[in-house]
Structures are given as structure tokens and as C-alpha cells.
Amino acid sequence: MKNVSLKLSIILTIAVAFLFFDKFSGTEAEEESTSNEQKDEKIYQNVAIAYVHSDSLLANYDFMKDIESELGELSQKYEKEYQNRAQGLQNEINDFQRTAQNLTVAQGKALEENLMKKQQNLRVYQEDLSRKLRQKEAELNNELYKTISDYLKEYGDANNLQLVLTYSRGSDVLYANDGLEITNEVIDGLNKAYNEKEATAASE
């Protein structure tokens, strides 16, 4: 599951680094007479920035926990299915090896070709299960990205934010004032919305 968590962490990092651009006050005459450089300076002076700790968000977002649980269960299910088929094929191979000396050359060749074909089919089956798992993971990742992005749009509009960053060890942000942190508020808001959605779905 480490790879799953890493991929989801990357998805989260992209999602929370979302820009919210608002129009700033000022008359049309003033805007027309202001140079591009002055406009940029005005924007920079009025940018409202906040940040979230990605590690905390990943660890406390209920949807994230459900995603990891669902992918873990699906992975175990596919692994069990593959192992059952692999064990069945291994039993057939063992039987063939025990009885090979009692078979004619033609019978032995036919059985050997059949077992080789089953081995190829088993590899195809394993690849198909891996493809299904990756597909499900991508589907959940996209849903996670959309959920966080949509919430941050609402949160940003409600709190007049133009920029929300993700802050964690190894990120490009080397320092951030504690007063700019909105991690808990975002987690609470996301969990409230997610749990309400799950409750509604369960009651239908």
C-alpha cells in the first residue's frame, strides 16, 4: 500500500496547489492608465494565501481512509483469486510429472502443450487483474482530486483566498507562518461533506 499512499499523496499535492483568482477593485480609467508592471504589483500586494499540511490531511480525511481500505481489499481479493488458479495449475503440473512415465509420447506431448497453454493463460489473467486494480485506483484518485478541488474552490471563495499551498517536508515551501494554516478547517469541512454524502447514499 506504500505505492498507493505515494500516488494519492501526489494527487493531493496537485489538488491543494490550486489558484483562486479574483478581480480587484479599481475604476476602468485607473486600470487603463496603469502599466502591466503596476497591475502585477497590485495583484501581488493583495494575494491572500493559506496552506494545509498534506500529511495531516491524508491521515485524517475519511475518504482517503476508505480509498486505501477499498484498494487494499480489492488487491487481496485479486491476489487470492490468482493464487487459487496458480495452485490449481501447479497441482496439474505435479500430477503430470508423477504420471509422465506411464503416458505414451503422444499423450505426454499433448498434456505438456496443454499445461503450457494454461501457464500462458494464467499470466494473461494476472495481467488482467493488475490492469483492473490500476483502473480502479485511477478512478478513485480522480474522484479524490475532484472532491478536494471542488471543496477548495468553495472554501477559497468563502474566505477570499487566491492561493492555497500544500506544506510538507520536502516541499518547495521552506517556511509558513502558523497563522496561514487551514489544515484542520479543510479536514473538518471535507469530512463533514463526505460523511453527509455517505449517509445520504446509505439511506436511499
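Residues numbered from 1 in each chain as written. Predicted model: local features only at pLDDT ≥ 70, side-chain atom pairs only at ≥ 80, totals over all residues. Heavy atoms only, no water.

Next up on the list: the overall build of the chain. If you tally the helices and strands in the chain, you get seven helices and two strands. Burial status across the chain gives 29% buried among its 204 residues. Within the chain, counting contacts between residues at least 6 apart in sequence, those at least 24 apart form 85% of the total. For the chain, the accessible area works out to roughly 14100 Å², and carbon and sulfur atoms hold 49% of it. (Helix = DSSP H or I, 4+ residues; strand = E, 2+ residues; numbered from the N terminus. Buried < 20%, exposed > 50% of the residue type's maximum accessible area, 1.4 Å probe, protein only. Contact = heavy atoms within 4.5 Å. Areas by Shrake-Rupley, 256 points an atom, 1.4 Å probe, with all protein chains shown as cover.)

To continue, consider the nonpolar core. Membership of the largest hydrophobic core comes to 22 residues, with the highest contact counts inside it found for Leu57, Tyr61, Leu144, Ile182, Val186 and Leu190. Of all the secondary structure elements, the ones that give two or more residues to this core are strand 1 (49-53), helix 4 (54-60), helix 5 (62-99), helix 6 (105-158) and helix 7 (183-203). If one sorts the elements of this core by residue count, helix 6 sits on top with six residues. With residues up to four places along the chain from it excluded, the contact list for Ile182 reads Ala50, Tyr51, Val52, Tyr155, Leu161 and Val164. If you look at the next biggest cluster of nonpolar residues, it comprises 11 residues, including Leu74, Leu122, Tyr125 and Leu129. (Core = buried A, V, L, I, M, F, W, Y, C linked by side-chain atoms within 4.5 Å.)

Take unusual backbone geometry next. Phi at Asn160 is positive, roughly 55°, even though this residue is not glycine. Assignment of secondary structure puts Asn160 in the loop between helix 6 and strand 2 (163-167).

Before going further, it helps to spend a moment on the pairing of strand 2. Of all five residues that make up strand 2, four are buried, and the element is covered over most of its length. When strand 1 meets strand 2, the two strands line up parallel, connected through five bridges. Note on strand 2: the bridge partner recorded for Tyr51 is Leu165. (Pairing = 2+ DSSP bridges.)

Relative to each other, helix 5 and helix 7 sit at 60°, their axes nearing to 8 Å. Taken as axis vectors, helix 5 and helix 7 run oblique relative to one another. Across the interface between the two elements, Asp62, Phe63 and Asp66 from helix 5 touch Asn191, Tyr194 and Asn195 from helix 7. In the contact of helix 5 with helix 7, the residues fall into two nonpolar, two polar and two charged. (Axes fitted to C-alpha atoms, helices over the stretch in contact; angles between N-to-C directions. Parallel < 35°, antiparallel > 145°, perpendicular 65-115°, else oblique. Nonpolar A, V, L, I, M, F, W, Y, C, P; charged D, E, K, R; others polar.)

A separate point is helix 6. Each full turn of the α-helix corresponds to 3.6 residues, which orients residues three or four apart in the same direction. Along its 54 residues, helix 6 runs 80 Å from first to last C-alpha, staying within 8% of the 80 Å computed at 1.5 Å per residue. Where helix 6 ends, the next residue or the one after it, Asn160, has phi of about 55°, a positive value. (Expected span 1.5 Å × (residues − 1).)

Taken N-terminus to C-terminus, the directions of helix 6 and helix 7 make an angle of 120°; their axes are 11 Å apart at the nearest point. It follows that helix 6 is oblique to helix 7 by the angle criterion. Classified by chirality, the crossing of helix 7 by helix 6 is right-handed. Between helix 6 and helix 7, the residues in contact are Glu143, Thr147, Ile148, Tyr151, Leu152 and Tyr155 and Glu185, Val186, Gly189, Leu190 and Lys197, respectively. Its residues assigned to classes, the contact of helix 6 with helix 7 comprises six nonpolar, two polar and three charged. (Left-handed = near helix turned anticlockwise from the far one by under 90°.)

Before going further, it helps to examine the packing of aromatic side chains. Summed over the entire model, instances satisfying the criterion amount to five aromatic pairs. Between Tyr61 and Phe63, the aromatic rings sit 6.0 Å apart at their centres with planes inclined by 75°, giving edge-to-face as the arrangement. Residue classification places Tyr61 among the buried residues on the basis of a relative accessible area of 2%. A relative accessible area of 6% places Phe63 in the buried class. (Phe/Tyr/Trp six-rings, centres within 6.5 Å; stacked < 30°, edge-to-face > 60°.)

On to the pattern of salt bridges. In this structure the tally under the stated criterion is 10 salt bridges. Residue Asp95 is joined to Arg98 by a salt bridge in which the shortest nitrogen-to-oxygen separation is 2.1 Å. One end of the pair, Asp95, and the other, Arg98, are both in helix 5, three residues apart, so they sit about a helical turn from each other. By relative accessible area, Asp95 is classed as partly exposed at 36%. By sharing partners, the salt bridges in this structure join Glu70, Lys136 and Glu139 into a single network. (Salt bridge = Lys/Arg side-chain N within 4 Å of Asp/Glu carboxyl O.)

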